[in-house]
Amino acid sequence: MTQPRPPIHLAVAFPAPVHASADLSAAPPTSSGAGAPTAALRARDLVDFRTYVQFAQTAQRGGFDFLLLGEDLRLPAADEVATPGDPDTGQAGAAGRPDPLTLLAALASVTDGLGLAATATTTFGEPYAVARRLATLDHLSGGRAAWNVVTTLDERAGANFRHGPGLLGADRAERTREFLAAAASLFGSWADEDLVVDPAAGTFLADPRAGSFTYRGRHFDIDGRFNVPRSPQGRPPVLLAAAAGDGEDARRQRDLAAAVADVVITPYAGLDAGIAFRADLHERLALHGRAPGDLLVLPAVSFVLGAGAAGAAAADGSTGGTFAFVGAAETIARDIAGDVWAGAADGFLLVPPVRLAGAGGAGGGAVAGLLDGLTQFVDSVAPALRAAGALRTDPAGTTLRARLGLPPVPSGGARGPAAALAREVTAGAATA
(Lines give C-alpha, C1' and ligand atoms only; values in the text may rest on other atoms or scores of the structure.)
Protein backbone atom coordinates (compact mmCIF):
# COMPACT_ATOMS: atom_id res chain seq x y z
CA MET A 1 0.00 0.00 0.00
CA THR A 2 1.29 3.46 -0.89
CA GLN A 3 2.07 5.55 2.18
CA PRO A 4 0.31 8.94 2.27
CA ARG A 5 2.62 11.82 1.54
CA PRO A 6 3.06 14.24 4.43
CA PRO A 7 1.84 17.80 3.97
CA ILE A 8 4.54 20.34 3.24
CA HIS A 9 5.23 23.30 5.50
CA LEU A 10 5.25 26.88 4.26
CA ALA A 11 6.54 29.99 5.98
CA VAL A 12 6.90 33.51 4.63
CA ALA A 13 9.42 36.24 5.36
CA PHE A 14 8.59 39.92 5.26
CA PRO A 15 11.30 41.19 2.87
CA ALA A 16 14.05 43.42 4.20
CA PRO A 17 13.82 47.14 3.34
CA VAL A 18 16.60 48.21 1.00
CA HIS A 19 16.54 51.07 -1.53
CA ALA A 20 16.22 49.90 -5.15
CA SER A 21 19.55 51.50 -6.02
CA ALA A 22 21.32 49.43 -3.36
CA ASP A 23 22.81 45.99 -3.90
CA LEU A 24 19.93 43.54 -4.50
CA SER A 25 21.97 40.42 -3.76
CA ALA A 26 20.27 38.11 -1.29
CA ALA A 27 20.85 38.90 2.35
CA PRO A 28 21.89 35.78 4.30
CA PRO A 29 19.43 34.63 6.95
CA THR A 30 22.10 35.14 9.65
CA SER A 31 22.15 38.90 9.13
CA SER A 32 18.50 39.87 9.45
CA GLY A 33 16.45 36.71 9.20
CA ALA A 34 14.49 38.16 6.31
CA GLY A 35 16.07 37.05 3.02
CA ALA A 36 16.01 39.07 -0.20
CA PRO A 37 15.64 42.87 0.07
CA THR A 38 12.77 44.93 -1.23
CA ALA A 39 12.81 47.84 -3.64
CA ALA A 40 12.38 51.36 -2.34
CA LEU A 41 9.87 50.89 0.43
CA ARG A 42 8.85 54.29 1.75
CA ALA A 43 9.81 54.99 5.34
CA ARG A 44 6.20 55.63 6.36
CA ASP A 45 5.15 52.25 4.93
CA LEU A 46 7.56 50.44 7.23
CA VAL A 47 6.08 51.97 10.36
CA ASP A 48 2.47 51.72 9.19
CA PHE A 49 0.77 48.83 11.00
CA ARG A 50 -1.61 48.36 8.09
CA THR A 51 1.28 47.22 5.89
CA TYR A 52 1.98 44.31 8.21
CA VAL A 53 -1.69 43.50 8.82
CA GLN A 54 -2.26 43.11 5.07
CA PHE A 55 0.84 40.96 4.71
CA ALA A 56 0.04 38.73 7.71
CA GLN A 57 -3.61 38.25 6.85
CA THR A 58 -2.72 37.36 3.26
CA ALA A 59 -0.24 34.76 4.56
CA GLN A 60 -2.90 33.36 6.87
CA ARG A 61 -5.37 33.11 3.99
CA GLY A 62 -2.76 31.18 2.02
CA GLY A 63 -2.32 28.54 4.72
CA PHE A 64 1.23 29.50 5.72
CA ASP A 65 2.47 28.03 8.98
CA PHE A 66 4.24 31.16 10.17
CA LEU A 67 5.35 34.67 9.33
CA LEU A 68 9.00 35.60 9.94
CA LEU A 69 9.96 39.18 10.75
CA GLY A 70 13.60 40.25 10.59
CA GLU A 71 15.37 42.65 12.90
CA ASP A 72 17.11 45.92 12.01
CA LEU A 73 19.33 47.31 14.74
CA ARG A 74 20.48 50.45 12.94
CA LEU A 75 19.70 52.82 10.09
CA PRO A 76 21.62 52.38 6.84
CA ALA A 77 24.56 54.70 6.36
CA ALA A 78 24.59 57.16 3.48
CA ASP A 79 27.21 55.15 1.59
CA GLU A 80 24.89 52.13 1.60
CA VAL A 81 21.90 53.78 -0.06
CA ALA A 82 23.17 56.96 -1.71
CA THR A 83 22.33 57.53 -5.36
CA PRO A 84 23.54 60.86 -6.81
CA GLY A 85 20.66 62.94 -8.11
CA ASP A 86 17.99 60.67 -6.63
CA PRO A 87 15.67 62.64 -4.33
CA ASP A 88 14.42 59.41 -2.73
CA THR A 89 17.90 58.34 -1.64
CA GLY A 90 17.81 56.80 1.80
CA GLN A 91 14.00 56.70 2.02
CA ALA A 92 13.90 52.96 2.49
CA GLY A 93 15.73 53.00 5.78
CA ALA A 94 15.01 56.53 6.94
CA ALA A 95 12.80 55.27 9.78
CA GLY A 96 14.11 51.74 10.05
CA ARG A 97 11.34 49.29 10.84
CA PRO A 98 9.47 48.35 14.00
CA ASP A 99 10.77 46.00 16.65
CA PRO A 100 9.63 42.51 15.54
CA LEU A 101 8.47 41.25 18.94
CA THR A 102 6.35 44.32 19.59
CA LEU A 103 4.91 44.22 16.08
CA LEU A 104 4.10 40.50 16.26
CA ALA A 105 2.31 41.01 19.59
CA ALA A 106 0.05 43.48 17.79
CA LEU A 107 -0.41 41.11 14.83
CA ALA A 108 -1.50 38.37 17.23
CA SER A 109 -4.76 40.27 17.71
CA VAL A 110 -5.60 40.37 13.99
CA THR A 111 -4.54 36.83 13.01
CA ASP A 112 -5.71 33.38 14.00
CA GLY A 113 -3.60 30.28 13.51
CA LEU A 114 -0.64 31.99 11.82
CA GLY A 115 2.65 31.42 13.62
CA LEU A 116 4.59 34.55 14.58
CA ALA A 117 8.38 34.22 14.38
CA ALA A 118 10.47 37.08 15.74
CA THR A 119 14.15 37.59 14.99
CA ALA A 120 16.19 38.40 18.10
CA THR A 121 19.97 38.56 18.16
CA THR A 122 22.09 36.85 20.80
CA THR A 123 25.01 39.21 20.21
CA PHE A 124 23.39 42.04 22.19
CA GLY A 125 20.84 41.97 24.99
CA GLU A 126 20.23 39.52 27.81
CA PRO A 127 18.54 36.07 27.92
CA TYR A 128 16.07 37.16 30.64
CA ALA A 129 14.75 40.09 28.60
CA VAL A 130 14.43 38.13 25.35
CA ALA A 131 12.88 35.05 27.00
CA ARG A 132 10.39 37.22 28.88
CA ARG A 133 9.21 38.94 25.70
CA LEU A 134 8.98 35.66 23.77
CA ALA A 135 7.04 33.95 26.55
CA THR A 136 4.71 36.95 26.66
CA LEU A 137 4.15 36.74 22.89
CA ASP A 138 3.42 33.03 23.25
CA HIS A 139 0.75 33.78 25.86
CA LEU A 140 -0.79 36.66 23.89
CA SER A 141 -0.98 34.61 20.69
CA GLY A 142 -2.25 31.40 22.25
CA GLY A 143 0.93 29.46 21.52
CA ARG A 144 1.96 30.82 18.12
CA ALA A 145 5.35 32.38 18.94
CA ALA A 146 8.74 31.34 17.53
CA TRP A 147 12.27 32.65 17.98
CA ASN A 148 14.55 33.19 14.99
CA VAL A 149 17.98 33.15 16.63
CA VAL A 150 20.66 35.18 14.86
CA THR A 151 24.08 36.59 15.58
CA THR A 152 24.95 40.11 14.52
CA LEU A 153 28.16 40.61 12.56
CA ASP A 154 27.53 44.29 11.79
CA GLU A 155 30.11 46.55 13.47
CA ARG A 156 27.95 49.60 12.81
CA ALA A 157 25.03 48.01 14.66
CA GLY A 158 27.38 47.14 17.49
CA ALA A 159 28.15 50.81 17.98
CA ASN A 160 24.56 51.24 19.18
CA PHE A 161 25.15 48.83 22.07
CA ARG A 162 28.79 48.91 23.11
CA HIS A 163 32.09 50.63 22.47
CA GLY A 164 35.02 48.85 20.86
CA PRO A 165 35.18 45.92 18.40
CA GLY A 166 32.46 43.31 18.14
CA LEU A 167 32.77 39.66 19.10
CA LEU A 168 34.88 37.39 16.92
CA GLY A 169 33.31 34.35 15.24
CA ALA A 170 34.15 31.78 17.93
CA ASP A 171 33.06 34.12 20.73
CA ARG A 172 29.80 34.88 18.93
CA ALA A 173 29.08 31.16 18.62
CA GLU A 174 29.90 30.51 22.28
CA ARG A 175 27.73 33.42 23.39
CA THR A 176 24.86 32.10 21.25
CA ARG A 177 25.13 28.66 22.84
CA GLU A 178 25.16 30.16 26.32
CA PHE A 179 22.29 32.50 25.46
CA LEU A 180 20.17 29.55 24.31
CA ALA A 181 21.11 27.50 27.37
CA ALA A 182 20.22 30.34 29.73
CA ALA A 183 16.93 30.96 27.90
CA ALA A 184 16.10 27.24 28.11
CA SER A 185 16.56 27.40 31.88
CA LEU A 186 14.20 30.37 32.04
CA PHE A 187 11.50 28.80 29.87
CA GLY A 188 11.75 25.60 31.89
CA SER A 189 11.61 27.24 35.30
CA TRP A 190 7.81 26.90 35.40
CA ALA A 191 5.71 23.73 35.13
CA ASP A 192 2.09 23.55 34.00
CA GLU A 193 0.86 22.75 37.48
CA ASP A 194 2.85 25.47 39.28
CA LEU A 195 0.22 28.19 38.93
CA VAL A 196 -2.75 27.33 41.18
CA VAL A 197 -4.37 30.69 42.04
CA ASP A 198 -6.85 29.55 44.69
CA PRO A 199 -7.73 32.71 46.68
CA ALA A 200 -10.10 30.82 48.98
CA ALA A 201 -7.31 28.54 50.12
CA GLY A 202 -4.75 31.31 49.97
CA THR A 203 -2.67 29.24 47.54
CA PHE A 204 -1.24 30.68 44.37
CA LEU A 205 1.77 28.47 43.65
CA ALA A 206 1.90 24.69 43.95
CA ASP A 207 5.68 24.86 44.18
CA PRO A 208 7.27 27.80 46.03
CA ARG A 209 10.33 27.37 43.82
CA ALA A 210 8.34 28.07 40.64
CA GLY A 211 10.26 30.34 38.32
CA SER A 212 13.61 29.75 40.02
CA PHE A 213 16.58 29.48 37.70
CA THR A 214 20.36 29.43 37.78
CA TYR A 215 22.78 29.59 34.89
CA ARG A 216 26.55 29.90 35.15
CA GLY A 217 28.69 30.55 32.10
CA ARG A 218 31.48 32.70 30.73
CA HIS A 219 29.09 35.16 29.08
CA PHE A 220 26.10 34.92 31.43
CA ASP A 221 25.95 34.35 35.18
CA ILE A 222 22.33 34.69 36.29
CA ASP A 223 20.33 33.49 39.28
CA GLY A 224 16.78 34.54 40.07
CA ARG A 225 13.11 33.90 39.33
CA PHE A 226 11.43 34.15 35.94
CA ASN A 227 8.23 36.18 36.21
CA VAL A 228 6.28 34.77 33.23
CA PRO A 229 4.52 31.43 33.94
CA ARG A 230 4.92 28.57 31.49
CA SER A 231 3.51 29.58 28.11
CA PRO A 232 1.25 27.43 25.89
CA GLN A 233 4.17 25.87 24.00
CA GLY A 234 6.47 25.59 27.02
CA ARG A 235 9.22 26.94 24.81
CA PRO A 236 8.67 28.72 21.47
CA PRO A 237 10.22 26.82 18.54
CA VAL A 238 13.81 27.87 17.83
CA LEU A 239 14.75 28.80 14.26
CA LEU A 240 18.42 28.80 13.30
CA ALA A 241 20.23 29.56 10.07
CA ALA A 242 22.70 26.99 8.80
CA ALA A 243 24.60 26.61 5.55
CA ALA A 244 26.14 23.80 3.55
CA GLY A 245 29.88 23.59 3.02
CA ASP A 246 33.03 22.40 4.75
CA GLY A 247 34.05 25.69 6.32
CA GLU A 248 34.37 25.95 10.09
CA ASP A 249 31.48 28.39 10.43
CA ALA A 250 29.16 26.23 8.32
CA ARG A 251 29.98 23.09 10.33
CA ARG A 252 29.48 25.00 13.58
CA GLN A 253 26.08 26.21 12.39
CA ARG A 254 24.92 22.70 11.49
CA ASP A 255 26.17 21.24 14.77
CA LEU A 256 24.33 23.84 16.81
CA ALA A 257 21.18 23.42 14.73
CA ALA A 258 21.24 19.66 15.22
CA ALA A 259 21.63 20.15 18.97
CA VAL A 260 18.92 22.69 19.70
CA ALA A 261 16.98 23.98 16.67
CA ASP A 262 13.41 23.10 15.79
CA VAL A 263 13.57 24.70 12.33
CA VAL A 264 16.59 25.33 10.11
CA ILE A 265 16.58 28.13 7.54
CA THR A 266 19.12 27.78 4.74
CA PRO A 267 19.74 29.01 1.20
CA TYR A 268 18.37 26.59 -1.38
CA ALA A 269 20.60 25.27 -4.13
CA GLY A 270 18.29 22.79 -5.83
CA LEU A 271 17.10 19.22 -5.38
CA ASP A 272 20.39 17.29 -5.10
CA ALA A 273 22.06 19.82 -2.83
CA GLY A 274 18.94 19.98 -0.69
CA ILE A 275 18.82 16.21 -0.23
CA ALA A 276 22.50 16.16 0.79
CA PHE A 277 22.09 19.05 3.25
CA ARG A 278 19.06 17.54 4.95
CA ALA A 279 20.74 14.13 5.19
CA ASP A 280 23.79 15.76 6.79
CA LEU A 281 21.59 17.38 9.44
CA HIS A 282 19.79 14.11 10.14
CA GLU A 283 23.13 12.39 10.77
CA ARG A 284 24.08 15.12 13.22
CA LEU A 285 20.71 14.84 14.97
CA ALA A 286 21.48 11.24 15.90
CA LEU A 287 24.67 12.37 17.67
CA HIS A 288 22.52 14.47 19.98
CA GLY A 289 19.93 11.78 20.64
CA ARG A 290 17.34 13.41 18.42
CA ALA A 291 15.14 12.00 15.66
CA PRO A 292 14.56 13.40 12.13
CA GLY A 293 11.05 14.47 13.13
CA ASP A 294 12.52 16.79 15.78
CA LEU A 295 13.88 19.23 13.17
CA LEU A 296 12.36 20.81 10.06
CA VAL A 297 14.47 22.10 7.16
CA LEU A 298 12.87 25.09 5.41
CA PRO A 299 15.14 26.52 2.69
CA ALA A 300 14.55 30.11 1.58
CA VAL A 301 13.11 30.36 -1.94
CA SER A 302 11.12 32.69 -4.15
CA PHE A 303 8.99 32.15 -7.23
CA VAL A 304 8.22 33.80 -10.57
CA LEU A 305 5.00 33.13 -12.42
CA GLY A 306 5.82 32.74 -16.08
CA ALA A 307 7.51 30.28 -18.36
CA GLY A 308 10.88 29.70 -19.94
CA ALA A 309 13.64 32.24 -20.28
CA ALA A 310 11.37 35.24 -19.69
CA GLY A 311 10.36 33.93 -16.30
CA ALA A 312 13.94 33.08 -15.37
CA ALA A 313 15.10 36.53 -16.37
CA ALA A 314 12.42 38.13 -14.22
CA ALA A 315 13.77 36.25 -11.23
CA ASP A 316 17.09 38.09 -11.46
CA GLY A 317 15.56 41.42 -10.49
CA SER A 318 12.51 40.62 -8.42
CA THR A 319 13.86 37.88 -6.15
CA GLY A 320 17.20 39.44 -5.29
CA GLY A 321 19.23 36.40 -6.22
CA THR A 322 17.22 33.96 -4.08
CA PHE A 323 16.56 30.57 -5.70
CA ALA A 324 13.24 30.85 -7.52
CA PHE A 325 10.75 28.27 -8.74
CA VAL A 326 9.66 29.48 -12.17
CA GLY A 327 6.68 28.58 -14.35
CA ALA A 328 2.91 28.38 -14.33
CA ALA A 329 1.23 28.02 -10.94
CA GLU A 330 0.70 24.29 -11.41
CA THR A 331 4.35 23.84 -12.41
CA ILE A 332 5.62 25.73 -9.40
CA ALA A 333 3.33 23.76 -7.08
CA ARG A 334 4.49 20.48 -8.62
CA ASP A 335 8.17 21.41 -8.24
CA ILE A 336 7.78 22.63 -4.64
CA ALA A 337 5.89 19.51 -3.57
CA GLY A 338 8.17 17.24 -5.58
CA ASP A 339 11.34 18.57 -3.97
CA VAL A 340 9.85 18.16 -0.49
CA TRP A 341 8.60 14.64 -1.15
CA ALA A 342 11.98 13.72 -2.65
CA GLY A 343 13.66 14.61 0.66
CA ALA A 344 15.26 17.96 -0.17
CA ALA A 345 13.28 19.83 2.51
CA ASP A 346 10.33 19.67 4.85
CA GLY A 347 8.90 22.78 3.23
CA PHE A 348 10.08 26.23 2.24
CA LEU A 349 10.43 29.74 3.58
CA LEU A 350 8.97 31.96 0.86
CA VAL A 351 10.65 35.29 0.16
CA PRO A 352 8.02 36.85 -2.11
CA PRO A 353 9.21 38.53 -5.29
CA VAL A 354 9.01 42.30 -5.11
CA ARG A 355 7.93 44.40 -8.05
CA LEU A 356 10.51 47.15 -8.48
CA ALA A 357 9.43 50.69 -7.65
CA GLY A 358 7.76 52.51 -10.51
CA ALA A 359 6.34 49.36 -12.08
CA GLY A 360 2.61 49.07 -12.59
CA GLY A 361 0.24 47.23 -10.36
CA ALA A 362 -2.76 47.65 -8.17
CA GLY A 363 -2.45 50.73 -6.04
CA GLY A 364 1.08 51.47 -7.23
CA GLY A 365 3.99 52.08 -4.91
CA ALA A 366 6.41 49.75 -3.24
CA VAL A 367 3.98 48.34 -0.66
CA ALA A 368 1.65 47.21 -3.44
CA GLY A 369 4.68 45.62 -5.09
CA LEU A 370 5.58 43.84 -1.88
CA LEU A 371 2.04 42.55 -1.33
CA ASP A 372 1.54 41.61 -4.97
CA GLY A 373 4.13 38.82 -4.80
CA LEU A 374 2.61 37.15 -1.76
CA THR A 375 -0.93 37.62 -3.11
CA GLN A 376 0.05 35.96 -6.40
CA PHE A 377 1.33 32.92 -4.52
CA VAL A 378 -1.73 32.72 -2.27
CA ASP A 379 -4.20 33.08 -5.14
CA SER A 380 -2.50 30.81 -7.68
CA VAL A 381 0.22 28.52 -6.30
CA ALA A 382 -1.39 27.70 -2.94
CA PRO A 383 -4.62 26.40 -4.55
CA ALA A 384 -2.52 24.23 -6.86
CA LEU A 385 -0.65 22.84 -3.86
CA ARG A 386 -3.94 22.04 -2.14
CA ALA A 387 -5.25 20.33 -5.26
CA ALA A 388 -2.12 18.16 -5.25
CA GLY A 389 -2.71 17.22 -1.60
CA ALA A 390 0.45 19.01 -0.53
CA LEU A 391 -1.05 21.49 1.95
CA ARG A 392 -2.89 20.58 5.12
CA THR A 393 -6.56 21.55 4.86
CA ASP A 394 -7.34 21.33 8.57
CA PRO A 395 -5.20 22.58 11.47
CA ALA A 396 -3.13 19.98 13.29
CA GLY A 397 -3.51 21.84 16.57
CA THR A 398 -3.76 25.25 18.15
CA THR A 399 -0.05 25.90 18.74
CA LEU A 400 2.69 26.49 16.21
CA ARG A 401 4.53 23.41 17.48
CA ALA A 402 1.48 21.27 16.74
CA ARG A 403 1.01 22.87 13.33
CA LEU A 404 4.63 22.11 12.42
CA GLY A 405 4.38 18.55 13.73
CA LEU A 406 7.11 19.17 16.29
CA PRO A 407 7.17 17.18 19.54
CA PRO A 408 5.69 19.02 22.53
CA VAL A 409 7.94 20.35 25.27
CA PRO A 410 7.09 18.26 28.36
CA SER A 411 6.32 20.11 31.55
CA GLY A 412 8.72 19.54 34.39
CA GLY A 413 10.32 22.81 35.32
CA ALA A 414 14.04 23.54 35.27
CA ARG A 415 14.63 20.03 36.65
CA GLY A 416 13.27 18.50 33.45
CA PRO A 417 13.68 18.86 29.68
CA ALA A 418 14.79 22.50 29.79
CA ALA A 419 17.70 21.61 32.04
CA ALA A 420 18.65 18.83 29.64
CA LEU A 421 18.59 21.29 26.76
CA ALA A 422 20.76 23.70 28.73
CA ARG A 423 23.28 20.94 29.40
CA GLU A 424 23.21 19.92 25.73
CA VAL A 425 23.97 23.44 24.56
CA THR A 426 26.70 24.00 27.11
CA ALA A 427 28.31 20.66 26.33
CA GLY A 428 28.24 21.53 22.65
CA ALA A 429 30.16 24.72 23.37
CA ALA A 430 33.01 22.67 24.77
CA THR A 431 33.33 20.58 21.61
CA ALA A 432 32.59 23.21 18.93
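Below is a short write-up of the structure. These numbers come from a predicted model, not from an experiment.

**Digging into the packing of aromatic side chains**
Then comes step 1: For the structure shown, the criterion picks out 13 aromatic pairs.
Then comes step 2: Their ring planes at 45 degrees and their centres at 6.1 Å tell us that Tyr128 and Phe213 sit as a pair that is tilted. Pair noted here: Tyr128 is in helix 6 (residues 127-140) and Phe213 is in strand 7 (residues 212-216), with a separation of 85 residues, a long-range link.
Then comes step 3: Overall, the relative accessible area of 27% leaves Tyr128 in the partly exposed class.
Then comes step 4: An aromatic cluster is built from Tyr268, Phe323, Phe325 and Phe348, whose rings are joined through pairwise contacts.

**With respect to a nonpolar patch on the surface**
Then comes step 1: A grouping of Leu195, Val197, Phe204 and Leu205 is seen on the molecular surface, where their side chains present a nonpolar patch of about 340 Å² in accessible area.
Then comes step 2: Those elements that place two or more of their residues in the nonpolar patch are strand 5 (195-198) and strand 6 (203-205).
Then comes step 3: With relative accessibility at 45%, the residue Phe204 sits in the partly exposed group.

**What about the nonpolar core?**
Soluble, globular proteins show a tendency: their nonpolar side chains are buried together.
Then comes step 1: Ranked by internal contacts, the top residues of the largest apolar core, which has 85 residues, are Phe64, Leu67, Trp147, Ile336, Phe377, Val381 and Leu385.
Then comes step 2: With nine residues, helix 13 (residues 365-387) is the largest single contributor of residues to this core.
Then comes step 3: Not counting the four nearest positions on each side in its chain, Phe377 is found in contact with Leu10, Phe64, Phe303, Ile336, Leu350, Ala382, Pro383 and Leu385.
Then comes step 4: In this structure, Ala11, Leu298, Val351 and Leu404 belong to the second largest nonpolar core, which totals 17 residues.

**Points about the pattern of salt bridges**
Then comes step 1: What the rule picks out here adds up to 18 salt bridges.
Then comes step 2: Measuring nitrogen to oxygen at the nearest pair gives 2.8 Å for the salt bridge that ties Asp249 to Arg252. You can see Asp249 and its partner Arg252 sitting in helix 9 (residues 248-260), three residues apart, about one turn around the helix.
Then comes step 3: Judged by relative accessible area, Asp249 falls into the partly exposed class, the value being 47%.
Then comes step 4: Across the pair Arg284 and Asp280 runs a salt bridge whose closest N-O atoms are separated by 2.6 Å. Remark: Asp280 and Arg284 occur in helix 10 (residues 271-287); sequence separation between them is four residues, near one turn of the helix.
Then comes step 5: Taking relative accessible area as the criterion, Arg284 reaches 14% and is therefore assigned buried.
Then comes step 6: Residue Asp280 is classed as partly exposed on the basis of its relative accessible area of 22%.
Then comes step 7: A single network of salt bridges, built from pairs that share partners, joins Arg254, Asp255, Asp280 and Arg284.

Conventions used here
- Residues numbered from 1 in each chain as written.
- Predicted model: local features only at pLDDT ≥ 70, side-chain atom pairs only at ≥ 80, totals over all residues.
- Heavy atoms only, no water.
- Phe/Tyr/Trp six-rings, centres within 6.5 Å; stacked < 30°, edge-to-face > 60°.
- Helix = DSSP H or I, 4+ residues; strand = E, 2+ residues; numbered from the N terminus.
- Buried < 20%, exposed > 50% of the residue type's maximum accessible area, 1.4 Å probe, protein only.
- Patch = residues over 30% accessible without salt bridge, like charges linked within 9 Å, V, L, I, M, F, W, Y side chains within 5 Å.
- Areas by Shrake-Rupley, 256 points an atom, 1.4 Å probe, with all protein chains shown as cover.
- Salt bridge = Lys/Arg side-chain N within 4 Å of Asp/Glu carboxyl O.
- Core = buried A, V, L, I, M, F, W, Y, C linked by side-chain atoms within 4.5 Å.
- Contact = heavy atoms within 4.5 Å.

Read these as layout, nothing more, since geometry by itself doesn't imply function.
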